[in-house]
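Spelled out, the chains give:
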Amino acid sequence: RSAGGGGLRATASSMHNNAALNGGGVYVDSDGLAVIDQSFLNHNSAGLLVSSAPNSAAINAKAPKAGAASAATILPGHGGFLYNDGNARLTQDTLVGNHALLTGGAIYTNGRLLLGASTVQTNRALISGGAVYADSDASTHFAAVQFQLNVALLSGGAIFNDGHAFLQSSFVEGNIAPLGGGIYEARPFGMAVFNSLIFGNTLNNCRPINSVPLCAN
(Lines give C-alpha, C1' and ligand atoms only; values in the text may rest on other atoms or scores of the structure.)
Protein backbone atom coordinates (compact mmCIF):
# COMPACT_ATOMS: atom_id res chain seq x y z
CA ARG A 1 0.00 0.00 0.00
CA SER A 2 1.28 3.47 -0.94
CA ALA A 3 -0.08 6.16 1.38
CA GLY A 4 0.75 9.35 3.24
CA GLY A 5 2.94 10.72 0.48
CA GLY A 6 5.04 7.57 0.46
CA GLY A 7 6.01 5.65 -2.62
CA LEU A 8 6.29 2.10 -3.88
CA ARG A 9 9.01 1.35 -6.41
CA ALA A 10 9.49 -2.11 -7.88
CA THR A 11 11.65 -3.31 -10.77
CA ALA A 12 11.91 -6.83 -12.21
CA SER A 13 9.49 -8.11 -9.59
CA SER A 14 6.76 -10.73 -9.47
CA MET A 15 3.48 -9.96 -7.70
CA HIS A 16 1.00 -12.78 -8.07
CA ASN A 17 -1.86 -14.60 -6.32
CA ASN A 18 -2.55 -11.75 -3.91
CA ALA A 19 -6.04 -10.75 -2.78
CA ALA A 20 -7.75 -7.77 -1.14
CA LEU A 21 -11.10 -6.03 -1.18
CA ASN A 22 -9.66 -3.29 -3.45
CA GLY A 23 -6.30 -3.53 -5.19
CA GLY A 24 -5.40 -7.18 -4.85
CA GLY A 25 -1.71 -6.44 -5.44
CA VAL A 26 -1.22 -2.70 -4.84
CA TYR A 27 -3.37 0.07 -3.33
CA VAL A 28 -2.33 3.70 -3.95
CA ASP A 29 -3.92 6.41 -1.79
CA SER A 30 -4.67 9.91 -3.08
CA ASP A 31 -1.23 11.21 -2.01
CA GLY A 32 0.63 8.02 -2.87
CA LEU A 33 2.91 6.98 -5.73
CA ALA A 34 3.62 3.60 -7.31
CA VAL A 35 6.30 3.01 -9.96
CA ILE A 36 6.49 -0.56 -11.24
CA ASP A 37 8.50 -1.67 -14.25
CA GLN A 38 9.69 -4.87 -15.93
CA SER A 39 7.48 -6.90 -13.62
CA PHE A 40 5.00 -9.79 -13.74
CA LEU A 41 1.72 -8.75 -12.11
CA ASN A 42 -0.47 -11.80 -12.54
CA HIS A 43 -3.46 -13.61 -11.03
CA ASN A 44 -4.32 -11.10 -8.33
CA SER A 45 -7.89 -10.60 -7.11
CA ALA A 46 -10.12 -7.80 -5.82
CA GLY A 47 -13.23 -8.69 -3.87
CA LEU A 48 -13.61 -11.00 -0.92
CA LEU A 49 -15.51 -14.15 -0.21
CA VAL A 50 -16.06 -14.17 3.54
CA SER A 51 -17.05 -17.43 5.15
CA SER A 52 -20.13 -17.31 7.36
CA ALA A 53 -19.31 -20.57 9.11
CA PRO A 54 -19.28 -20.30 12.92
CA ASN A 55 -15.90 -19.26 14.37
CA SER A 56 -14.45 -18.90 10.90
CA ALA A 57 -12.49 -15.89 9.67
CA ALA A 58 -11.47 -17.43 6.36
CA ILE A 59 -11.29 -14.96 3.49
CA ASN A 60 -10.90 -15.90 -0.14
CA ALA A 61 -11.00 -13.55 -3.09
CA LYS A 62 -11.59 -16.25 -5.65
CA ALA A 63 -15.02 -16.77 -7.14
CA PRO A 64 -17.18 -19.13 -5.06
CA LYS A 65 -17.68 -22.73 -6.08
CA ALA A 66 -21.12 -23.94 -7.08
CA GLY A 67 -23.32 -24.51 -4.06
CA ALA A 68 -21.13 -22.46 -1.74
CA ALA A 69 -23.02 -19.17 -1.88
CA SER A 70 -25.23 -19.98 1.10
CA ALA A 71 -22.15 -20.34 3.31
CA ALA A 72 -20.40 -17.14 2.34
CA THR A 73 -20.81 -13.41 1.81
CA ILE A 74 -19.39 -11.87 -1.36
CA LEU A 75 -17.86 -8.39 -0.96
CA PRO A 76 -17.29 -6.98 -4.46
CA GLY A 77 -14.15 -4.95 -5.09
CA HIS A 78 -12.22 -2.88 -7.63
CA GLY A 79 -8.83 -3.34 -9.25
CA GLY A 80 -7.66 -6.95 -9.43
CA PHE A 81 -4.00 -5.90 -9.29
CA LEU A 82 -4.00 -2.12 -8.79
CA TYR A 83 -6.36 0.34 -7.10
CA ASN A 84 -5.05 3.82 -7.83
CA ASP A 85 -6.32 7.04 -6.26
CA GLY A 86 -2.97 8.81 -6.59
CA ASN A 87 -0.19 8.49 -9.15
CA ALA A 88 0.82 5.19 -10.74
CA ARG A 89 3.37 4.48 -13.48
CA LEU A 90 3.63 0.98 -14.90
CA THR A 91 6.07 0.29 -17.76
CA GLN A 92 7.27 -2.89 -19.45
CA ASP A 93 4.99 -4.97 -17.26
CA THR A 94 2.86 -8.04 -17.84
CA LEU A 95 -0.63 -8.08 -16.33
CA VAL A 96 -2.29 -11.44 -16.93
CA GLY A 97 -5.19 -13.28 -15.31
CA ASN A 98 -6.16 -10.71 -12.70
CA HIS A 99 -9.82 -10.33 -11.79
CA ALA A 100 -12.19 -8.10 -9.88
CA LEU A 101 -15.61 -8.90 -8.49
CA LEU A 102 -16.78 -5.43 -9.54
CA THR A 103 -14.70 -3.21 -11.88
CA GLY A 104 -11.15 -3.05 -13.22
CA GLY A 105 -10.03 -6.64 -13.73
CA ALA A 106 -6.38 -5.56 -13.69
CA ILE A 107 -6.52 -1.84 -12.81
CA TYR A 108 -8.98 0.57 -11.25
CA THR A 109 -7.86 4.20 -11.40
CA ASN A 110 -9.36 7.45 -10.22
CA GLY A 111 -6.02 9.27 -10.24
CA ARG A 112 -3.12 9.66 -12.68
CA LEU A 113 -2.02 6.52 -14.51
CA LEU A 114 0.67 5.87 -17.10
CA LEU A 115 0.63 2.37 -18.52
CA GLY A 116 3.37 1.91 -21.11
CA ALA A 117 5.01 -0.83 -23.19
CA SER A 118 3.01 -3.51 -21.39
CA THR A 119 0.98 -6.63 -22.13
CA VAL A 120 -2.50 -6.80 -20.58
CA GLN A 121 -4.24 -10.11 -21.25
CA THR A 122 -6.98 -12.41 -19.94
CA ASN A 123 -8.04 -10.14 -17.10
CA ARG A 124 -11.73 -10.03 -16.20
CA ALA A 125 -14.23 -7.94 -14.30
CA LEU A 126 -17.66 -8.96 -13.12
CA ILE A 127 -19.17 -5.62 -14.21
CA SER A 128 -17.03 -3.19 -16.26
CA GLY A 129 -13.45 -2.63 -17.37
CA GLY A 130 -12.14 -6.13 -17.98
CA ALA A 131 -8.58 -4.77 -18.00
CA VAL A 132 -8.84 -1.12 -16.88
CA TYR A 133 -11.61 0.95 -15.29
CA ALA A 134 -10.86 4.69 -15.37
CA ASP A 135 -13.28 6.60 -13.13
CA SER A 136 -14.47 10.19 -13.49
CA ASP A 137 -11.39 11.87 -11.95
CA ALA A 138 -8.90 9.71 -13.80
CA SER A 139 -6.21 10.98 -16.16
CA THR A 140 -4.88 8.00 -18.08
CA HIS A 141 -2.17 7.55 -20.71
CA PHE A 142 -1.78 4.22 -22.50
CA ALA A 143 1.35 4.00 -24.67
CA ALA A 144 2.41 0.90 -26.63
CA VAL A 145 0.06 -1.40 -24.71
CA GLN A 146 -1.41 -4.65 -26.01
CA PHE A 147 -4.91 -5.32 -24.66
CA GLN A 148 -6.00 -8.82 -25.61
CA LEU A 149 -8.58 -11.37 -24.46
CA ASN A 150 -9.85 -9.35 -21.50
CA VAL A 151 -13.50 -9.80 -20.47
CA ALA A 152 -16.17 -7.73 -18.73
CA LEU A 153 -19.68 -9.06 -18.23
CA LEU A 154 -21.33 -5.68 -18.88
CA SER A 155 -19.18 -3.00 -20.53
CA GLY A 156 -15.64 -2.23 -21.60
CA GLY A 157 -14.01 -5.60 -22.26
CA ALA A 158 -10.58 -3.95 -22.31
CA ILE A 159 -11.19 -0.37 -21.12
CA PHE A 160 -14.03 1.46 -19.42
CA ASN A 161 -13.32 5.18 -19.45
CA ASP A 162 -15.22 7.87 -17.57
CA GLY A 163 -12.25 10.25 -17.25
CA HIS A 164 -9.70 11.75 -19.62
CA ALA A 165 -7.62 9.20 -21.53
CA PHE A 166 -5.04 9.05 -24.31
CA LEU A 167 -4.51 5.80 -26.23
CA GLN A 168 -1.23 5.91 -28.16
CA SER A 169 0.50 3.28 -30.34
CA SER A 170 -1.56 0.49 -28.79
CA PHE A 171 -3.56 -2.57 -29.82
CA VAL A 172 -7.03 -3.38 -28.47
CA GLU A 173 -7.90 -6.78 -29.94
CA GLY A 174 -10.01 -9.83 -29.11
CA ASN A 175 -11.58 -8.48 -25.93
CA ILE A 176 -15.16 -9.27 -24.93
CA ALA A 177 -18.13 -7.41 -23.41
CA PRO A 178 -21.80 -6.93 -24.39
CA LEU A 179 -21.24 -3.15 -24.59
CA GLY A 180 -17.90 -2.05 -25.98
CA GLY A 181 -15.95 -5.28 -26.29
CA GLY A 182 -12.86 -3.12 -26.78
CA ILE A 183 -13.70 0.22 -25.17
CA TYR A 184 -16.72 1.71 -23.43
CA GLU A 185 -16.62 5.51 -23.33
CA ALA A 186 -18.81 6.83 -20.52
CA ARG A 187 -17.60 10.43 -20.93
CA PRO A 188 -18.43 11.85 -24.39
CA PHE A 189 -15.17 12.28 -26.31
CA GLY A 190 -13.13 11.68 -23.17
CA MET A 191 -10.58 9.55 -25.01
CA ALA A 192 -8.08 10.68 -27.64
CA VAL A 193 -6.60 8.01 -29.92
CA PHE A 194 -3.34 8.20 -31.88
CA ASN A 195 -1.70 5.53 -34.04
CA SER A 196 -3.66 2.70 -32.41
CA LEU A 197 -5.74 -0.24 -33.66
CA ILE A 198 -9.07 -1.25 -32.10
CA PHE A 199 -10.39 -4.31 -33.90
CA GLY A 200 -11.78 -7.83 -33.59
CA ASN A 201 -13.51 -7.27 -30.26
CA THR A 202 -16.84 -8.89 -29.31
CA LEU A 203 -19.72 -8.03 -29.37
CA ASN A 204 -18.51 -4.71 -30.81
CA ASN A 205 -15.34 -2.64 -30.77
CA CYS A 206 -16.59 0.54 -29.07
CA ARG A 207 -19.75 1.84 -27.48
CA PRO A 208 -21.54 4.21 -27.61
CA ILE A 209 -21.25 4.40 -31.39
CA ASN A 210 -18.84 7.12 -32.59
CA SER A 211 -17.70 7.90 -29.05
CA VAL A 212 -14.08 6.77 -29.57
CA PRO A 213 -11.99 8.29 -32.40
CA LEU A 214 -10.64 5.87 -35.04
CA CYS A 215 -12.79 3.04 -33.73
CA ALA A 216 -14.78 1.07 -36.29
CA ASN A 217 -17.94 0.06 -34.50
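Right above here is the structure, for reference.
Residues numbered from 1 in each chain as written. Predicted model: local features only at pLDDT ≥ 70, side-chain atom pairs only at ≥ 80, totals over all residues. Heavy atoms only, no water.

Draft legend 1. How the structure looks around the overall build of the protein chain. Along the backbone of the protein chain there are zero helices and 28 strands. Looking at the protein chain alone, contacts between residues at least 24 apart form 75% of all its contacts between residues at least 6 apart. Summing over all exposed atoms, the protein chain offers an accessible surface of approximately 9,200 Å²; the carbon and sulfur share of this is 56%. (Helix = DSSP H or I, 4+ residues; strand = E, 2+ residues; numbered from the N terminus. Contact = heavy atoms within 4.5 Å. Areas by Shrake-Rupley, 256 points an atom, 1.4 Å probe, with all protein chains shown as cover.)

Draft legend 2. Geometry of the sheet that holds strand E26 (residues 191-194). Judged by pairing direction, the sheet is parallel, and its seven strands sit side by side in the order E1-E5-E11-E15-E19-E23-E26 without closing on themselves. Whereas interior strands pair on both sides, the edge strands pair on one side only; in this sheet they are strand E1 (7-11) and E26. For this sheet the average axis-to-axis angle between neighbouring strands, irrespective of direction, equals 5°. As paired strands, strand E5 (residues 33-37) and strand E11 (residues 87-91) are joined by five bridges and run parallel to one another. The residue bridging Val35 from the neighbouring strand is Arg89, located in E11. (Pairing = 2+ DSSP bridges. Axes fitted to C-alpha atoms, helices over the stretch in contact; angles between N-to-C directions.)

Draft legend 3. Highlighting the environment of Ala20. Its place among the elements puts Ala20 in strand E3 (residues 19-20). With 57 residues separating them in the primary sequence, Ala20 and Gly77 have C-alpha atoms 8.0 Å apart. If near-sequence neighbours (up to four positions away) are discounted, Ala20 is found in contact with Ser45, Ala46, Gly47 and Leu48.

Draft legend 4. Inspection of the environment of Ala186 at higher detail. Examined against the element boundaries, Ala186 turns out to sit in the loop between strand E25 (183-185) and E26. For Ala186, a relative accessible area of 33% translates into the label partly exposed. Beyond its immediate stretch of four places on either side in the chain, Ala186 contacts Phe160, Asn161 and Asp162. (Buried < 20%, exposed > 50% of the residue type's maximum accessible area, 1.4 Å probe, protein only.)

Draft legend 5. Seen up close, the nonpolar core. Of all hydrophobic cores here, the largest spans 34 residues; its most connected members are Leu90, Phe147 and Leu167. Residue assignment for this core shows that the elements contributing at least two residues are strand E4 (26-28), E5, E11, strand E15 (112-116), strand E23 (164-168) and E26. Dropping the residues within four chain positions of it, Leu167 is found in contact with Phe142, Phe147, Ile159, Val172, Ile183, Met191, Ala192, Val193, Phe194, Ser196 and Ile198. (Core = buried A, V, L, I, M, F, W, Y, C linked by side-chain atoms within 4.5 Å.)

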